[in-house]
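Descriptive structure summary
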Amino acid sequence: MAAPVIRVRGLKTRFGQQVVHDGVDLDVSKGEVIGLVGGSGTGKSVLLREIVGLMVPSAGKIEVLGKDTENLSESERLSLQARWGMLFQDGALFSSLTVLENIKVPLKEHTKLPPDLIDEIARVKVAMVGLPPDAGDKYPSQLSGGMRKRAGLARALAMDPEILFLDEPTAGLDPIGAAAFDELIGSLQKSLGLTVFMVTHDLDSLYAICDRIAVLVDKKLVIGTIDELLRQEHPWIRDYFHGPRGRAASAAKGS
Amino acid sequence: MQTGTLSANWEENQFVLAASGRWDIASAERLGPMLRDRMPGRKGAPVCLDLSGLTALDTAGALLLDRLIKRLRGQGHVVAVVGARSDLCALLKDVQRAAAGAEPKNPAPAERRPAFPLADRVGRATIGIWQDILSMLNFLGLVTVTAARLLRTPNRIRLKPLFFHLEQVGLNALPIVGLLSFLIGIVLAYQGADQLRRFGAEIYVVNLLGIGVLREIGILMTSIIVAGRSGSAFTAQIGTMKVNQEVDAMRTLGLDPVEMLVLPRMLALLIALPLIGFFANMVALAGGAVMAYVYLDINFGQFARQLQIAVSTTTLFVGLIKAPVFAVVIALVGCYEGLRVSGSAESVGLLTTRSVVVSIFLVIVLDAIFSILFSYIGI
Ligand SMILES: Nc1ncnc2c1ncn2[C@@H]1O[C@H](COP(=O)(O)OP(=O)(O)OP(=O)(O)O)[C@@H](O)[C@H]1O
Ligand SMILES: [Mg+2]
């Protein structure tokens, strides 16, 4: 088997007295779509930030695309960053740039494409994430919450990255938009061999596109396919997948 | 990994374009010119776009294919797309659909060019200034009304933020204000002494210092430093809260932003500025005294005696009476610009700059008005 795209070993995170992760292990192979779930405040966003190198874990080892994210030279970090895209939980768009300009930032930074092609790519991304064309010329403060999320996704997709990190991509989207988003991720994943690592509470997304699911409980990860997790005895996991919403999503998938 | 290429050749009556390799964003730069070169010369010939060699496709690559197809069709060719893997084909379709929807429909109407651009700009700027003055006065009124309401229920005055801001704008400003005032005192004494020595009137350097510092320089310097230090901080703090929608949240919680944000800052500055001003006066005089001793051999006893002759409490009072007015102006401008911040981080920066410039401008203008006023009533 090829080396995993993301490899986490023995990761520990502490904020003062508070222990957030205590021995997290994770392997994500190429082309996989992994969903990360867990209660609020269990450290999903923190795990994501550590994997992309925005935060340094208290202990443990993280490798992305075969490179240790902690000891990278500046040039290695830049080339690695061009190969992944990240959607932040609250969008994190540049507030002084329009949506189109936001999407163009990585394209201008990492490629030497002619401006008209960059412009067209940016416009296509805007359309692909389901934003109306006129949204491209608006500033983030002029968008609705769901639109900001889509714009953030468009920026994350700008470079057609190999790995996509998504922090709650469908939160704040209407159900139709969320389904279209699942479809978009699915088609990109197939044609590009995209690896997707996403934090989500959207059970429909989990059923629709995730190959495996990682559950963050008791400061550790429990990983498996949906069917494996459905048989888990852990109370939180049981409640999660067998609760009313879990059953509804499962039924929707079955029909 | 094979980068994307496009090869062209004629098969019987058909022009075959074969795309192969990885058509992704990394190859897009090389593919651009290739697309332009590989064109069928013959008008209207059928074109077959063979995608069977394609190993990978991303949106940038799909967009290039879409452009190619559009260009060929635009030149009247019949284009048949064959051999694409089904997943790549799906992406191409997605991108084509997105690109069709993405075309800017009605480009923004061209700006009407004014006949006299200079006059136009001057006019707009003038109206802008006038509107600025009006809305600043409006804000002053709002703050006054809120303050008056608060005076009727003084137990609603929030002491904790008040003391916090007192420390920020008052106590923490002492080192820098002290240092600069001391230096100003030294410079004034030195320059004055140089001139006065020609007339053998060195001792009058004390009068110069006393009047100059107490009436004008001390409080003016202090106000300018505080405007740069605290006025800008007010704008940046309130502006960032505005960007994070904290101010809106306050309103929905039934809290008045003027009462919560503006009044504590203004009150703190109102208390602190006269005190820092007095401190600055004393330190500047001390600086002057040191210089007089070193340079002119005027000892501290002589200095104190001459100072007593030169100035009265009125001199001190005339200087310090300006402090509360300057405090109100600095706090008002700082908070007003902060509340005007909209949306972006950039506007926080712009308005912070503005706040400092406007408050220093107003402080100096008011100082001049005070001078005229005082000389008119003869003090
Ligand atoms: N910079 C920080 N300093 C201290 N504690 C932090 C910091 N960042 C996060 N935490 C703590 O770490 C824990 C995990 O936070 P995190 O944002 O990862 O939660 P989450 O699982 O993403 O939750 P949600 O589903 O609500 O987004 C929380 O208890 C939070 O208080
Ligand atoms: Mg989170």
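Residues numbered from 1 in each chain as written. Chains lettered and ligands numbered in written order. Predicted model: local features only at pLDDT ≥ 70, side-chain atom pairs only at ≥ 80, totals over all residues. Heavy atoms only, no water.

A grouping of Lys12(A), Arg14(A), Lys219(A) and Lys220(A) is seen on the molecular surface, where their side chains present a positively charged patch. One can find Arg14(A) in strand 1 (residues 6-15). (Patch = residues over 30% accessible without salt bridge, like charges linked within 9 Å, V, L, I, M, F, W, Y side chains within 5 Å. Areas by Shrake-Rupley, 256 points an atom, 1.4 Å probe, with all protein chains shown as cover. Salt bridge = Lys/Arg side-chain N within 4 Å of Asp/Glu carboxyl O. Lys, Arg positive; Asp, Glu negative; His and termini not counted. Charge placed at Lys NZ, Arg CZ, Asp CG, Glu CD. Helix = DSSP H or I, 4+ residues; strand = E, 2+ residues; numbered from the N terminus.)

This part is about the domain arrangement of chain B. Considered domain by domain, chain B is made up of domain 1 (5-101) and domain 2 (142-377). Look at where the C-alpha atoms of domain 1 of chain B and domain 2 of chain B centre, and you get two points 69 Å apart. (Domains from an automatic or database assignment.)

All names here are of chain B. For chain B, mean pLDDT is 88; residues scoring 70 or higher make up 96% of the total. Model confidence for chain B, summarised as mean pLDDT per element, is weakest for strand 1 (residues 5-11) at 78 and strongest for helix 12 (residues 322-339) at 95. Scored as a whole, the predicted complex attains pTM 0.75, and scored at its interfaces, ipTM 0.74. (pLDDT = per-residue confidence, 0-100.)

Looking now at the pattern of salt bridges. Residues and elements named next belong to chain A. Taken as a whole, this structure holds 25 salt bridges over all chains when the rule is applied. Here arginine 212 ties to glutamate 32 by a salt bridge, and the two come within 2.5 Å at their closest N and O atoms. Here arginine 212, found in strand 9 (residues 212-217), pairs with glutamate 32, found in the loop between strand 2 (18-28) and strand 3 (33-37); they are 180 residues apart in sequence, far enough to count as distant. With relative accessibility at 23%, the residue arginine 212 sits in the partly exposed group. In this structure, the salt-bridge partner of arginine 150 is aspartate 174, at a minimum N-O distance of 3.6 Å. One end of the pair, arginine 150, is in helix 5 (residues 145-157); the other, aspartate 174, is in the loop between strand 7 (163-167) and helix 6 (175-192), and 24 residues separate them in sequence. When its relative accessible area of 14% is taken as the criterion, arginine 150 is described as buried. (Buried < 20%, exposed > 50% of the residue type's maximum accessible area, 1.4 Å probe, protein only.)

Ser45(A) (OG) and Gln89(A) (OE1) make up the full set of protein donors to the magnesium ion (ligand 2), lying at 1.9 to 2.4 Å. You can see Ser45(A) sitting in helix 1 (residues 44-51) and its partner Gln89(A) sitting in the loop between strand 6 (84-87) and helix 3 (99-110), a full 44 residues away along the chain. (Donors = N, O, S within 2.8 Å, 3.2 Å for Na, K, Ca; no water.)

Here we come to the interface of chain B and chain A. Across the boundary between the two partners, chain B contributes 25 residues, which contact 25 residues of chain A. Summing the contributions of chain B and of chain A, the shared interface buries around 2200 Å²; its carbon and sulfur component is 66%. The tally of links from chain B across to chain A stands at two salt bridges. When contributions to the side of chain B that touches chain A are tallied by element, the ones reaching two or more residues are helix 1 (25-37), helix 2 (59-74), helix 3 (86-102) and helix 13 (345-377) of chain B. The element best represented in the side of chain B that touches chain A is helix 3 of chain B, accounting for nine residues. Of the residues assigned to the side of chain B that touches chain A, the class counts are 14 nonpolar, four polar and seven charged. (Contact = heavy atoms within 4.5 Å. Buried area = accessible area lost by both parts, 1.4 Å probe. Nonpolar A, V, L, I, M, F, W, Y, C, P; charged D, E, K, R; others polar.)

Residues and elements named next belong to chain A. Around ligand 1 sit 14 residues, and of these Gln18, Gly41, Lys44, Ser45 and Val46 come closest. Measuring from an oxygen atom of ligand 1, one finds a side-chain N or O atom of serine 45 at 2.7 Å. Here an oxygen atom of ligand 1 sits 2.9 Å away from a polar atom, N or O, in the side chain of glutamine 89. Here ligand 1 loses 61% of its free accessible area of 640 Å² to cover by the protein chains. Split into classes, the residues belonging to the shell around ligand 1 amount to three nonpolar, nine polar and two charged. (Near = heavy atom within 4 Å. Polar contact = N/O pair within 3.5 Å; in protein donor to acceptor, adjacent residues only side chain to side chain.)

All names here are of chain A. Counting buried residues along strand 7, five of its five residues qualify, which places the element largely inside the surrounding structure. Side chains of strand 7 alternate between two faces, with Ile163, Phe165 and Asp167 and Leu164 and Leu166 buried alike. Of the strand pairs in this sheet, strand 6 and strand 7 are connected by four bridges, and their pairing is parallel. From the neighbouring strand, glycine 85 faces strand 7, where its bridge partner is leucine 164. Here strand 7 pairs with strand 8 (residues 195-199) via five bridges, running parallel. Within the sheet, the bridge partner assigned to phenylalanine 165 lies in strand 8 and is phenylalanine 197. This β-α-β element, strand 7 to helix 6 to strand 8, shows right-handed connectivity. (Pairing = 2+ DSSP bridges. Right-handed = clockwise from strand over helix to strand, strands pointing away.)

The next subject is the packing of helix 5 (residues 159-170) of chain B against helix 9 (residues 257-296) of chain B. Residue and element names in this part refer to chain B. Where helix 5 meets helix 9, the axes come as close as 8 Å, and the angle between the chain directions of the two elements is 40°. In terms of orientation, helix 5 and helix 9 fall into the oblique class. Taken as a pair, helix 5 and helix 9 cross one another with a handedness that is right-handed. Of helix 9, the residues touching helix 5 (which contributes Pro161, Leu162, His165, Leu166, Val169 and Gly170) are Pro264, Arg265, Leu267, Ala268, Leu269, Ile271, Ala272 and Ile276. Along the lines of polarity and charge, the residues of the contact of helix 5 with helix 9 split into eleven nonpolar, two polar and one charged. (Axes fitted to C-alpha atoms, helices over the stretch in contact; angles between N-to-C directions. Parallel < 35°, antiparallel > 145°, perpendicular 65-115°, else oblique. Left-handed = near helix turned anticlockwise from the far one by under 90°.)

Moving on to the environment of Gly53(A). Inspection of the secondary structure assignment puts Gly53(A) in the loop between helix 1 and strand 4 (59-64). Spatially, the C-alpha atom of Gly53(A) lies 24 Å from that of Cys210(A), the residues being 157 residues apart in sequence.

The next subject is helix 1 of chain A. Residue and element names in this part refer to chain A. Along helix 1, six of the eight residues are buried, which leaves the element largely enclosed by surrounding structure. By the burial criterion, the buried members of helix 1 are Lys44, Val46, Leu47, Leu48, Glu50 and Ile51. Just past helix 1, the residue glycine 53 takes up positive phi, approximately 85°.

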